[in-house]
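# Structural features, examined
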Amino acid sequence: MVILMKVHLRVFIEVENLGRVMNILADEGVTGFYIVEYKGVSPTEWKGFSVKEDPESAISLIHDYARDAVLVCSVVDEELVEPIVNRFGEELASEKYTIIEIPIRRIIVNSP
């Protein structure tokens, strides 16, 4: 019996690249994903900032400096990861993105 490793693939992108990313994932055999919209600040943009700890100041800073971004996530077979990463390197070379691969030990689905 061969057990295939599953990976929780997380891709952080700027919102304008969402269609391109969805097409890459579909072309590489990903059959489903979920998307989380968020506001983000990259480490290079964040460098040197000092935030007052009151909530209003922190929220104001996010509104003023953070960019709209998207986190695209999917659980994929391990062998799909490298081709996906390669496609990102080729097709999004001039764009900001972060890919995180998280190995999955087990998936339990309860669907009564």
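So, a few notes on the structure that sits alongside this text. (Residues numbered from 1 in each chain as written. Predicted model: local features only at pLDDT ≥ 70, side-chain atom pairs only at ≥ 80, totals over all residues. Heavy atoms only, no water.)

### Here's the deal with the environment of glycine 40
Quick note on the threshold: We count a stretch as a helix when DSSP gives it H or I for four or more residues in a row; a strand needs E for two or more, and each element gets its number in order from the N terminus. Only protein chains enter the accessibility calculation, which uses a 1.4 Å probe; a residue whose area is less than 20% of its type maximum is buried, one above 50% is exposed, and one in between is partly exposed. Contacts are assigned to residue pairs with any non-hydrogen atoms lying within 4.5 Å of each other.
Note that glycine 40 resides in strand 2 (residues 34-40). The exposure class of glycine 40 is buried, given its relative accessible area of 17%. Spatially, the C-alpha atoms of glycine 40 and arginine 67 are 5.3 Å apart, while their sequence positions differ by 27 residues. Apart from the residues within four sequence positions on either side, glycine 40 is in contact with Ala66 and Arg67.

### A look at the packing of aromatic side chains
Let me state the cut-off plainly: Geometry of aromatic contacts follows a simple scheme: Phe, Tyr and Trp rings, the Trp one being its six-membered ring, pair when their centres are within 6.5 Å, and the pair is stacked under 30 degrees between planes, edge-to-face over 60, tilted otherwise.
All told, the structure shown has 2 aromatic pairs when counted by the stated rule. A ring pair is formed by phenylalanine 12 and tyrosine 38, whose centres lie 6.0 Å apart and whose planes are at 85°; its orientation type is edge-to-face. Remark: tyrosine 38 occurs in strand 2 and phenylalanine 12 occurs in strand 1 (residues 6-14); sequence separation between them is 26 residues.

### Section: the pattern of salt bridges
Note the cut-off: By convention in these notes, a salt bridge is any Lys or Arg side-chain nitrogen within 4 Å of a carboxyl oxygen on Asp or Glu.
For the structure shown, the criterion picks out 7 salt bridges. Put simply, aspartate 77 and lysine 6 hold a salt bridge, and the shortest N to O gap is 2.6 Å. Taken as a pair, aspartate 77 in strand 3 (residues 67-77) and lysine 6 in strand 1 lie far apart in primary sequence, 71 residues in all. Under the relative-accessibility criterion, lysine 6 is labelled partly exposed at 32%. One network of salt bridges, with partners in common, ties together Asp27, Glu28, Arg87 and Glu91.

### Re the pairing of strand 1
Put simply, the rule reads: For two strands to be treated as a pair, DSSP must find at least two bridges joining them.
Alignment of strand 1 against strand 3, held across 9 bridges, turns out to be antiparallel. Bridging from a neighbouring strand, valine 11 pairs with valine 72 of strand 3. When strand 1 meets strand 4 (residues 97-104), the two strands line up antiparallel, connected through 8 bridges. Within the sheet, the bridge partner assigned to phenylalanine 12 lies in strand 4 and is threonine 98.

### Regarding the nonpolar core
Basically, it comes down to this: The set of buried Ala, Val, Leu, Ile, Met, Phe, Trp, Tyr and Cys residues whose side-chain atoms join them within 4.5 Å is what this entry labels a nonpolar core.
Leu9, Ile13, Val21, Leu25, Val72 and Phe88 are the most contacted members of the largest nonpolar core, which totals 16 residues. Contributions of two or more residues to this core are made by strand 1, helix 1 (18-27), strand 3 and helix 4 (78-91). Beyond its immediate sequence surroundings of up to four residues, leucine 9 is in contact with Leu25, Val72, Cys73, Ser74, Val76, Val81, Ile84, Ile99, Ile100 and Glu101.

### Description of the environment of histidine 63
Among the secondary structure elements, histidine 63 is positioned in helix 3 (residues 55-65). According to the relative accessible area criterion, histidine 63 is exposed, its value standing at 56%. With 14 residues separating them in the primary sequence, histidine 63 and aspartate 77 have C-alpha atoms 37 Å apart.

### Section: the packing of helix 1 against helix 4
A pair of packed helices is characterised by two quantities: the angle between their axes and the separation of those axes. Selection rule: Axis definition: a line fitted to C-alpha atoms, limited for helices to the stretch in contact. Angles are taken between N-to-C directions and run from 0 to 180 degrees. Note on convention: the crossing is left-handed when the near helix lies turned anticlockwise from the far helix by less than a right angle, right-handed when the turn is clockwise. Side-chain classes are defined by residue name, with Ala, Val, Leu, Ile, Met, Phe, Trp, Tyr, Cys and Pro counting as nonpolar, Asp, Glu, Lys and Arg as charged, and the others, Gly among them, as polar.
Viewed as axis vectors pointing N to C, helix 1 and helix 4 meet at an angle of 140°, and their least axial separation amounts to 10 Å. In this structure, helix 1 crosses over helix 4, and the sense of that crossing is right-handed. Residues Arg20, Val21, Ile24, Leu25 and Asp27 of helix 1 form the contact with helix 4, whose participating residues are Ile84, Arg87, Phe88 and Glu91. Here the residues of the contact of helix 1 with helix 4 are counted per class, giving 5 nonpolar, no polar and 4 charged.

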